[in-house]
Every structure is written in structure tokens, then in C-alpha cells.
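# Working through the structure, step by step
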Amino acid sequence: MTDLLVKVFYTHAGCTLVALNPFQPIPDLYSLEVMKEYHCAPQPQEFKPHIFIVAEEAYRNVQGQLEPVNQSLVVSGESGAGKTWTSRCLMKYYATVAASSSVEKSQDTVERIEKRVLDSNPIMEAFGNACTLRNNNSSRFGKYIQLQLDRCQLLVGASVQTYLLEKTRVACQPANERNFHIFYQMMKGATDEQRKEWKMPHGQRFVWLPKAEKHVEEDCFQETIEAMVHLGINKERQRQIFRILAGLLQLGNSSPKVSDLTFNQLLSMLLRVSAEELQMCLRVRTLKAGKQSVLKPCCQAECSMRRDCLAKVIYAHLFEWLVTFINNSICSDQSTWSNFIGVLDVYGFECFQINNLEQLCINYANEKLQQHFVAHYLRAHREISYVSEGLQWSFVKYQDNQSCLDLIEGSPVSVFSLLNEASRLNRASDAKTFRVRLEKELCDNVNISWDKFNKVPHFTVAHYAGKVDYQIQGIVEKNKDPVPPELISLLQQSDDSLLHQIFTDKETDSLTTKGLSKVTVVSKFKNSLESLMKILHATTPHYTRCIKPNPDSAVPSILTKRDLCLSSVRLSCSWRPAGSLRPYTLVLLAFQLGQFFSIFNSSS
């Protein structure tokens, strides 16, 4: 075992690349020279396992026009396993090799395109990532980045599709976690002139900015500014964006029920809205009674809820505007590209002490991707291990997770359908009533259960990765995602041209008279996920499973080949955040053990 103690971070498990997070920078592993080495190799598969092998295989599939020509690289794993970093490496690889053979006259154009594509990353991470208990740079949204290639396989553009931004984090941060990076970047990187413009003096504390004293690598305001400039966001637009964000921070410090003229004027200056109308919107409800409107004062809890709603809807729309702007900056005309390579970076399976609608949607997405992965893995392994060797093959039956998917999204009755039904009722939701409804309609599904001794209304879903308890309290309201129409009207009248633009008259078309969205959160998410799965099924998939070697995100004293092989076994087992192991299928486990002993013996 002469080289058993050599540090390694990648291995192959069948058709899947396993990537171990070393929790330390390894710059030599991703240098330009290493990229060229894998790109120019006649048989890169004969090289040491690396993320660049996956990237190059997909690129050569496009070059060879092998059907299906379009490719999808799926990067999965738990929070903190290194998915975001891996996605960055893939994008940098393509921005390098897909431009390397460009002719001289188009070199400037290609460099500008690749620069813009790469500069989309720091902006989206600043506005969509946050420091959590499990990861200093946790993506709080999913994204599918489509890298567009012309007939010569040169990078000519890209587009970004996002999924389920965790907008609740703006106004409510989980214990010992931070808000989105951009707020801390502003606090730590702003000049005195900017602080003066944002009405943000040194030493001011913000309720919505916990753990402000903690420093992470992503607290780099200048990098975000430079990326904005490269993508074409001019200084005036930047000023508007940061002024709006400063307004959200001040909003978190406000007490809507208490009349504070000075504070209201401060907010109105930052958001460019009338101070009186802002106070009215936060403190008074407008009820429709036939053709008449009735004003009803809000209680303290309702005022706080409306304040939080205002912050969430502004941030969500600002994020959507940024994604649209990025796409307009980097997306190429359909006539100029013929194929694409997609990079999917999604949130990992989540199980916390308190789980609600966000975790249900995230884990539902992981169920869909797991089903796709297992089917692809078994099919690819059959091709590699049996068909290519001319061996007889009889398909091994395995238990998939279709029963769990039927529970969540199935027809005619499922958790989603019952949730949508409760959301459309014209009355306040009741957690106990909804629990009874779930138990009555779904009791025959083995994947759902209830702890009858638990006084908190909940339901438990047996996912492929383990059981998760979902709290029912508040889940129906979150699915409704109500936005008071008067808040939208207020923002539409803002003198800030950016706020006015992102809250156009089209916004009212998607709302009912009571401020409820015509499309519920789960319906919107289900539709977007179905569109994503259609893309994955129509492309050649390449899976990379990122592994977190320890729960503390600590640099391991040494990573051995044995550690890496054992980590690959975890591909066929599901790890709950608490660490309890639950086997998914013995078939896959046998495959992984075969990979383990193969690599282990080669090291002896």
C-alpha cells in the first residue's frame, strides 16, 4: 500500500464522479495547465479522477455530435459538500477550453463573453447565498446554467434558470445563521460616502443582520461591484440597488405599530415612497366589501407580518430582476448557438429541527433527482459492466422512490394537492384541521406517518434519505404567499425607477383581490421542476456526487484512498444530518463495494 496515504479528492464510482471536499484551497489542482492537460489528452479517462474528466467527456460528446448531443452535468450532495465550488470549476473549464481554439479576429468577443459568464457567479452568490450552520457559502436557491456553444463548439453565451429562492431569510434568519452575503458585503466594504447615502452610520446595528462580526471569504464587496461593472450594471443602477437593500435593513429595525416620523421619513427616502402611505400600508388593512373599501387597523403581529412581507417581496423581485439582467447580458441569440452543456447546482437534502414548506420543496426536488440518478446509474453500469463485456444481463429489480413521489405530488390526492386545496379556501388555515385531512386522505401510503404523542401538528415523510418531520403550522400560509395589494401599489408608485420597473402593472395580474397569488408556491415549483426534468431526460447526464467528509467543515488531517472509497459507498446510502445511516438499495451498495475493492487493491 505504498501510495495509500497520498491525498486524493476524486474517484469514480461507476459512471459517477465522487468529489470529497478538502476544506482547504488546492490551487495547483485547478490551474490552467491542468485544464489543458485534460483537454488535450487523447484518453483523459486514463488520467487520475478529476472534475475536468467529467467536463471534457461532456464537451467531446458535443464535438462528436453523439445523440443526445446536449449535455447536463448534475452536481449533487449535502450542504457544505462543495457543490458551488464544483460548479464554478466546471464553468471556468468551459470558459477556458471552449475559447482556446478561437480565431484571432473573434478573440476579443470570446473573452468578453467568457468574462461575463464567469462574472455572473459572484453576483448570484452575493444575492443568493448565505452563511449557515453547515456551510459558509450555502446556496439558498437552485440554478441550472446553460452554456451555449456554436457549431464550432465555442462558447458564445449562457443563460441561467433559478429555482425557489429562500426569500424568508431576508426577514427571518435561523438561529446562529446569517442573512444573504450582500448585506454583510455592504456593511464591511462600503465607503464613508456610500454609508452617508444609505443612511447607515458606522456602528449602527441591524436586527436582520445577525452574526455581523463573523467574517467569511465571501464578504468581498469589491468583487461584487467589479462583476456588476463587467456585466453592464452602471453606477446609477448600482446606487439604486444598494439604496433599496439599505432600506430593507432599516425596515427590519422599524416597529410598524409605533409611529416614528423620523424613521418613516428615512425609509421613504431610501425606497422613494411616500412616508404617510408607507405607514398606512404597514398599519392598516384594506378590505373589500362589494364595491366599497373598508379600512381596518392591524394588530402588532399583523403589522410585523406586513413589514416582513414587504421586505421579502422587494428582495425576491430584485433577485429576479438581477437574473433577468444577467441573462440579457450573457445570453446569445438562438441563431448563433446550436448545442448546450447545462450545469445543475441544487440544494441538498435538508432535515432540521423545524422543517416547513421550504424543506418539503427542496426534498421533493431531491427525490425527483434521485430517481433520475438511480435509473441512469443502473443503465450506465449495465452498459459498462455487462454489455461491453458481452455478458448476459437480466435486469435486477430494485425498489425506487416512486411511492414517496406519489405521496408528495401524485394524482388525484397528494400532499401538494391537499395543500393547494387548503390554500384556496377563503378562510384562515388551521394546522390541526389540515393534519386530520392529511391523515384521512393519505393514510394508505406507507411513506407518511404521524407521532400521535407529539402535540405539535406535523406529518412525517419517509424520504430516500431518511424520515423528516414537517411542521404544519404556517405551511398553508407560506403556500398562499399572500402579498397585500396596497403594498404592490405603493411600490409601483415609487420614484425610484428600478423599484417602479420591477413592480409594473403586470404584477397585479397575478394577484387576486385579496392579494393571493393565483399560482401557489408548490404549483409554481412543481411546474419549474417538471420543466427541468424534461431537459435532463432530453440530454446526456453526467453525475458528480460531492461528499462532506465531516460535519464540522474541518480540514481532515489526511484524506486517504480508503477514505475516498468509503465515501463512494455513501452514494448508495442516505445520510441524515444527524448522521444516522439508512441503506437505499443493496444493488447500488454492491456496485459501490466493488468499486471500493477495485481501487483499494490497485493501491496495495
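If you look the protein chain up in an unreviewed UniProt entry, it shows as Myosin XIX from Scophthalmus maximus.

### A look at the UniProt feature "binding site: ATP" (unreviewed entry) in the protein chain
The sites that carry the UniProt feature "binding site: ATP" (unreviewed entry) are, in the present numbering, Gly-77, Glu-78, Ser-79, Gly-80, Ala-81, Gly-82, Lys-83 and Thr-84. Structurally, Ala-81 can be placed in the loop between strand 3 (71–76) and helix 3 (83–97). Since its relative accessible area comes to 3%, Ala-81 is described here as buried. In contact with Ala-81, other than residues within four places in its own chain, are Asn-21, Cys-546, Ile-547 and Lys-548. Checked against the element boundaries, Gly-82 lands in the loop between strand 3 and helix 3.

### Notes on the sheet that holds strand 11 (residues 448–449)
In spatial order, the strands read 11-12-13; together these three strands make up an open sheet with antiparallel pairing. In this open sheet, the two edge strands, each paired with only one partner strand, are strand 11 and strand 13 (466–471). With two bridges connecting them, strand 11 and strand 12 (residues 458–463) associate as antiparallel partners. Note on strand 12: the bridge partner recorded for Ile-448 is Val-461.

### Looking at the side chain of Asn-355
Structurally, Asn-355 can be placed in the loop between strand 10 (339–345) and helix 12 (357–387). Among the polar contacts made by the side chain of Asn-355, one reaches the main-chain amide nitrogen of Phe-352 at a distance of 2.7 Å.

### A look at helix 20 (residues 521–537)
If you check helix 20, its first and last C-alpha atoms are 24 Å apart, about what 17 residues at 1.5 Å a residue would give, namely 24 Å. Listing the buried residues of helix 20 in full gives Val-521, Val-522, Ser-523, Phe-525, Leu-529, Leu-532, Met-533 and Leu-536.

### Remarks on the side chain of Glu-177
Among the secondary structure elements, Glu-177 is positioned in the loop between strand 7 (155–163) and helix 5 (181–189). Polar contacts involving the side chain of Glu-177 include one to the main-chain amide nitrogen of Leu-133, which spans 3.3 Å. For Glu-177, the side chain forms a polar contact with the side chain of Arg-169, separated by 2.9 Å. Excluding anything up to four places from it in sequence, Glu-177 contacts Cys-131, Thr-132, Leu-133, Arg-169, Pro-210 and Lys-211.

### Thoughts on the pairing of strand 10
On any regular strand, side chains alternate: one points to one face of the sheet, the next to the other face. Of all seven residues that make up strand 10, seven are buried, and the element is covered over most of its length. Sheet topology note: the strand 3/strand 10 ladder contains five bridges and is parallel. Residue pairing across strands places Val-75 opposite Asp-345, the latter belonging to strand 10. Relative to strand 10, strand 6 (residues 142–149) is paired through seven bridges, and the arrangement is antiparallel. Opposite Leu-147, over in strand 10, you have Ile-341 as the bridge partner.

### Regarding helix 1 (residues 32–40)
Note: α-helices contain 3.6 residues per turn, so residues at a spacing of three or four share the same orientation. Among all positions in helix 1, only Val-34, Met-35 and Tyr-38 are buried. All buried residues of helix 1 project into a common sector of 105° when viewed along the axis, lining one side. Turned more than 90 degrees away from the buried face of helix 1, the exposed residues are Glu-33, Lys-36 and Cys-40. Buried positions along helix 1 lie against helix 2 (51–63) and helix 3.

### Notes on the nonpolar core
If you look at the biggest cluster of nonpolar residues, it comprises 104 residues, and the most contacted ones within it are Tyr-94, Phe-127, Ile-241, Phe-242, Leu-245, Ile-314 and Tyr-315. Ranked by residue count, the leading element in this core is helix 11 (residues 300–330), at 13 residues. Leu-245 has contacts with Phe-127, Ile-182, Phe-183, Met-186, Tyr-315 and Leu-318, leaving out every residue within four places of it along the chain. The next biggest cluster of nonpolar side chains, apart from the first, holds 54 residues, and it includes Leu-378, Cys-404, Ala-431 and Phe-434.

### Focus on the sheet that holds strand 1 (residues 10–13)
Judged by pairing direction, the sheet is mixed, and its seven strands sit side by side in the order 1-2-14-3-10-6-7 without closing on themselves. Because the sheet does not close on itself, it has two edges, and the strands there are strand 1 and strand 7. On average, adjacent strands in this sheet sit at an angle of 20° to one another, irrespective of strand direction. Across four bridges, strand 1 lies against strand 2 (residues 16–20) in antiparallel orientation. Looking at strand 2, one finds that Ala-13 is bridged to Thr-16. The strands touched by helix 2 within the sheet are strand 1, strand 2, strand 3, strand 6, strand 10 and strand 14 (540–547), with strand 14 carrying the most contacts at an inclination of about 170°. The strands touched by helix 11 within the sheet are strand 6 and strand 7, with strand 7 carrying the most contacts at an inclination of about 165°.

### Looking at the packing of helix 14 (residues 415–423) against helix 15 (residues 431–442)
The contact between helix 14 and helix 15 brings their axes to 11 Å, and the two run at 140°. As helix 14 packs across helix 15, the resulting crossing turns out to be right-handed. Contacts from Val-415, Leu-418, Leu-419, Glu-421 and Ala-422 of helix 14 reach helix 15 at Phe-434, Arg-437, Leu-438, Glu-441 and Leu-442. Grouping the amino acids of the contact of helix 14 with helix 15 by side-chain chemistry returns seven nonpolar, no polar and three charged.

What counts and what doesn't
- Residues numbered from 1 in each chain as written.
- Predicted model: local features only at pLDDT ≥ 70, side-chain atom pairs only at ≥ 80, totals over all residues.
- Heavy atoms only, no water.
- UniProt positions renumbered as here; feature names shortened; annotations may be inferred.
- Helix = DSSP H or I, 4+ residues; strand = E, 2+ residues; numbered from the N terminus.
- Buried < 20%, exposed > 50% of the residue type's maximum accessible area, 1.4 Å probe, protein only.
- Contact = heavy atoms within 4.5 Å.
- Pairing = 2+ DSSP bridges.
- Polar contact = N/O pair within 3.5 Å; in protein donor to acceptor, adjacent residues only side chain to side chain.
- Expected span 1.5 Å × (residues − 1).
- Arc of directions from axis to C-beta.
- Core = buried A, V, L, I, M, F, W, Y, C linked by side-chain atoms within 4.5 Å.
- Axes fitted to C-alpha atoms, helices over the stretch in contact; angles between N-to-C directions.
- Left-handed = near helix turned anticlockwise from the far one by under 90°.
- Nonpolar A, V, L, I, M, F, W, Y, C, P; charged D, E, K, R; others polar.

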